[in-house]
Amino acid sequence: MVTSVKREEFSFLVVDDFSTMRRIISGLLREIGFRKILEAENGRDALRQLELSVESGDAIHFVLSDVNMPEMNGFQLLEAIKAKPAEDPVRKIPVLLVTAEGRKDDIIRAAQGGACGYVVKPFNKETLADKIHLTLKHRGILVE
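Below you will find a few notes about this structure. Because the structure is a prediction, the values reported are computed rather than measured.

### Things to note about the overall build of the protein chain
Here comes step 1: For the protein chain, the count of helices and strands is five helices and seven strands.
Here comes step 2: Shown N-terminal to C-terminal, the secondary structure of the protein chain runs as helices and strands in the order β-β-α-β-α-β-α-β-α-β-α-β.
Here comes step 3: A compact globule built from 144 residues should have a C-alpha radius of gyration of about 15 Å, and the protein chain, at 14 Å, falls within 12% of that.
Here comes step 4: With the C-alpha coordinates of the protein chain rotated into their principal frame, the extents come out at 35 × 35 × 25 Å.
Here comes step 5: Among the 144 residues that make up the protein chain, the fraction classed as buried is 44%.
Here comes step 6: Partitioning the intrachain contacts of the protein chain with sequence separation of at least 6 by distance along the chain shows that 67% fall at a separation of at least 24.

Pasting the structure below:
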């Protein structure tokens, strides 16, 4: 089944402990054409927002998370999302990990943990757009 979501209703959660990086990623998403962007400063806050989005019915469709953060890092957030019960919609949300370090072990860990991808900073709008669109295409999600 292909789920279609209007671009202006497609919601992202950008997770990074540096507000400047959250603003940069949010700006790139806006340049790509997405408007609904939420932010969290660590994995714990992100997980709380994801759970609240299910309760409120205001879905978050995609997570872009930094790897290195205090309290709960990107890998721990990914693990917490993928540990949700199969019927929990949070478990199905694609997670793209973003980091300044491109270590092979981390890339493998991200893939094995269920991340939809791994992007090394610095990156540009085209790289981000490609990763998002490939993920959406692979998952059968159309964004109009």
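There is more to say after this.
### Things to note about the sheet that holds strand β4 (residues 62-66)
Strand pairing in a sheet relies on backbone hydrogen bonds, with the paired strands running either antiparallel or parallel.
Here comes step 1: Judged by pairing direction, the sheet is parallel, and its five strands sit side by side in the order β3-β2-β4-β5-β6 without closing on themselves. One side of each edge strand has no neighbouring strand; the edge strands of this open sheet are β3 (36-40) and β6 (117-120). Neighbour to neighbour, the strand axes of the sheet diverge by 20° on average, direction disregarded.
Here comes step 2: Pairing analysis gives four bridges linking strand β5 (residues 95-99) to β6, with the strands arranged parallel. Following the sheet pairing, V98 is matched in β6 by V119.
Here comes step 3: Each of β2 (11-15), β4, β5 and β6 is contacted by helix α3 (residues 74-82), which is oriented at about 170° to β5, the strand it contacts most.
Here comes step 4: Each of β2, β4, β5 and β6 touches helix α5 (residues 125-138); the most contacted strand, β4, lies at about 135° to it.

### Some words on unusual backbone geometry
Here comes step 1: Residue P122 is bonded to the preceding K121 through a cis peptide linkage, with omega at -5°.
Here comes step 2: You can see P122 is positioned in the loop between β6 and α5.
Here comes step 3: One non-glycine residue, E71, lies in the positive phi region at around 70°.
Here comes step 4: Here E71 is to be found in the loop between β4 and α3.
Here comes step 5: For E71, a relative accessible area of 54% puts it in the exposed group.

### What to know about the pattern of salt bridges
Here comes step 1: The tally for this structure, following the rule as stated, stands at eleven salt bridges.
Here comes step 2: Ionic pairing is found between R44 and E71, a salt bridge with its closest N-O pair at 3.5 Å. With a gap of 27 residues between them, R44 in helix α2 (residues 43-56) and E71 in the loop between β4 and α3 connect regions that are remote in the sequence.
Here comes step 3: The residue K84 makes a salt bridge to E51 at a minimum N-O spacing of 2.5 Å. Remark: E51 occurs in helix α2 and K84 occurs in the loop between α3 and β5; sequence separation between them is 33 residues.
Here comes step 4: Residues joined in a network through salt bridges with shared partners are D16, D66 and K121.

Basis of the calculations
- Residues numbered from 1 in each chain as written.
- Predicted model: local features only at pLDDT ≥ 70, side-chain atom pairs only at ≥ 80, totals over all residues.
- Heavy atoms only, no water.
- Helix = DSSP H or I, 4+ residues; strand = E, 2+ residues; numbered from the N terminus.
- Rg over C-alpha atoms; globule rule 2.2 N^0.38 Å.
- Buried < 20%, exposed > 50% of the residue type's maximum accessible area, 1.4 Å probe, protein only.
- Contact = heavy atoms within 4.5 Å.
- Pairing = 2+ DSSP bridges.
- Axes fitted to C-alpha atoms, helices over the stretch in contact; angles between N-to-C directions.
- Salt bridge = Lys/Arg side-chain N within 4 Å of Asp/Glu carboxyl O.

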